[in-house]
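Spelled out, the chains give:
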Amino acid sequence: MTDDVDTLTDAPTEAGPRHRRGQAKPPPRPPSARDLRRDADRDRRARGRRRIAWALVGAVALVTVSVVGSVWWLEREPEPEAVPAAAPLAGEGESVLVLLAHEGETIGFALAAAHPDAADTVVLFPGSMSAIVPGYGSWDLAFAAGVDDADLPALTLTNLLGARVDATVVVEAAALAGPIAGATINLPQPLIVADGDDQVVAAGAGAAERDAAAVERILTQQGTDDQLSWLVRQGLVWREVLERAASDESLVFDLLEGAAGDAVGARSVLEAIAADEAATVTAAPVEPVDTLGTGAERYRLQVDDAEAFVDARIPWLDLAVGERPRVEILNGTGEVGITGPIAAALVRDGYRVVRTDNADSTDVDVTRIVGHTIENQTVALSVAELLGFGEVRIEQRQPSLIVDVTVIVGDDFS
């Protein structure tokens, strides 16, 4: 046995003689070129197999994540953050809409806005500015002022501008003109009015002292000019009123004495504007509307331009953060005056009413609040929560492209 082992141990091989236990191991033989190529091929095949395996794992994971994500989107609870957030009222300045009245008609609209840390302003609007009058459809400011609802013009401007109006007051033109009798007013062009077949100059151009009657004519008569020129003249009177009120604390009190509406709120705003040396009087950036040769004078203010104007001039009055959801309100009861209160609630809460009309049916039992596509599910739910009644539905097959939510008012509304 021992000889056999010794014989096997000492037997020569191709790799060299075997070494006995306890003897030093000979150095390894350097790899040949064939060995290097074989090892390199083996590594390449292994790396290829690993890449294929990882690709399969990634594909499976991607499909799994996509399926899970889709299910989550369809089943997730609505996020309250998507609901328009109303701007806080405290510490955010004040505003009042002044309706200038003459002989029983509203002839001027001035939105006065004051903030302790910003430049105050008075913004003038033409009466023939077209807008959505919530609850009534597409009309103009003069129409809104003629409806037996003192807050309707303010609500109309809130809906258009996306800016809150804190108070409304009606001031007679004579009350605004009286305190500045004898003021020097510089008219850029004469006020010319029709007198039968003739035309007469009611107020000359240039700087001149104007008595109370002349100031009232400047305020109340459009003459042969367009409404934008009329707004310029009204703006000159407003500037003079604010300048005089800066040095006469009783002036604002006097011009609001006997005024209808929130005279206290209006006094607070106007006195703050009068005390602000940086205050401005300006006209809203309206543009004329082609009335197809009817001769009617119409203006409009695009919603994007209106919101940009608010952001630039009176950002503290922004009613909601972000884009306002668009809502249409349809009357499904057949009763008159149904859509107005709902429109008012939605507008003041940060929604934009783009249409009010009658529904196709007048026997709707339960109010339907329809969100157009799943993206507007949260908005529809927030509308239902605000109103306190109605059932929410989602329109997927034929969603509207011009509104986000449709409210079809039923008999459950009281």
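Residues numbered from 1 in each chain as written. Predicted model: local features only at pLDDT ≥ 70, side-chain atom pairs only at ≥ 80, totals over all residues. Heavy atoms only, no water.

Caption draft 1: How the structure looks around the pattern of salt bridges. Under the criterion given, the structure shown has 10 salt bridges. Residue Arg164 is joined to Asp166 by a salt bridge in which the shortest nitrogen-to-oxygen separation is 2.8 Å. Given a relative accessible area of 38%, Asp166 falls into the partly exposed group. Measuring nitrogen to oxygen at the nearest pair gives 3.0 Å for the salt bridge that ties Glu307 to Arg324. Of this pair, Glu307 sits in helix H10 (residues 303-313) while Arg324 sits in the loop between H10 and strand E15 (326-331), and the two are 17 residues apart along the sequence. One network of salt bridges, with partners in common, ties together Glu328, Arg355 and Asp357. (Salt bridge = Lys/Arg side-chain N within 4 Å of Asp/Glu carboxyl O. Buried < 20%, exposed > 50% of the residue type's maximum accessible area, 1.4 Å probe, protein only. Helix = DSSP H or I, 4+ residues; strand = E, 2+ residues; numbered from the N terminus.)

Caption draft 2: The arrangement of the environment of Glu257 in detail. Inspection of the secondary structure assignment puts Glu257 in the loop between helix H8 (250-256) and strand E11 (260-261). Between the C-alpha atom of Glu257 and that of Arg267, which follows or precedes it by 10 residues, the distance is 9.9 Å.

Caption draft 3: Region of the structure containing the sheet that holds E11. Ordered in space as E11-E6-E1-E2-E3-E12, the 6 strands form an open sheet in which the pairing is mixed. A single partner strand is all that each edge strand has here, and the edge strands are E11 and strand E12 (280-283). Alignment of strand E2 (residues 105-114) against strand E3 (residues 121-125), held across 5 bridges, turns out to be antiparallel. Bridge pairing in E3 places Ala112 opposite Val122. In this fold helix H7 (residues 227-247) packs onto strand E1 (94-102), E2, E3 and E12, with an angle of close to 155° to the strand it touches most, E3. Against the sheet, helix H9 (residues 263-274) touches E1, E2, E3, strand E6 (167-172) and E11, its axis set at about 60° to E2. (Pairing = 2+ DSSP bridges. Contact = heavy atoms within 4.5 Å. Axes fitted to C-alpha atoms, helices over the stretch in contact; angles between N-to-C directions.)

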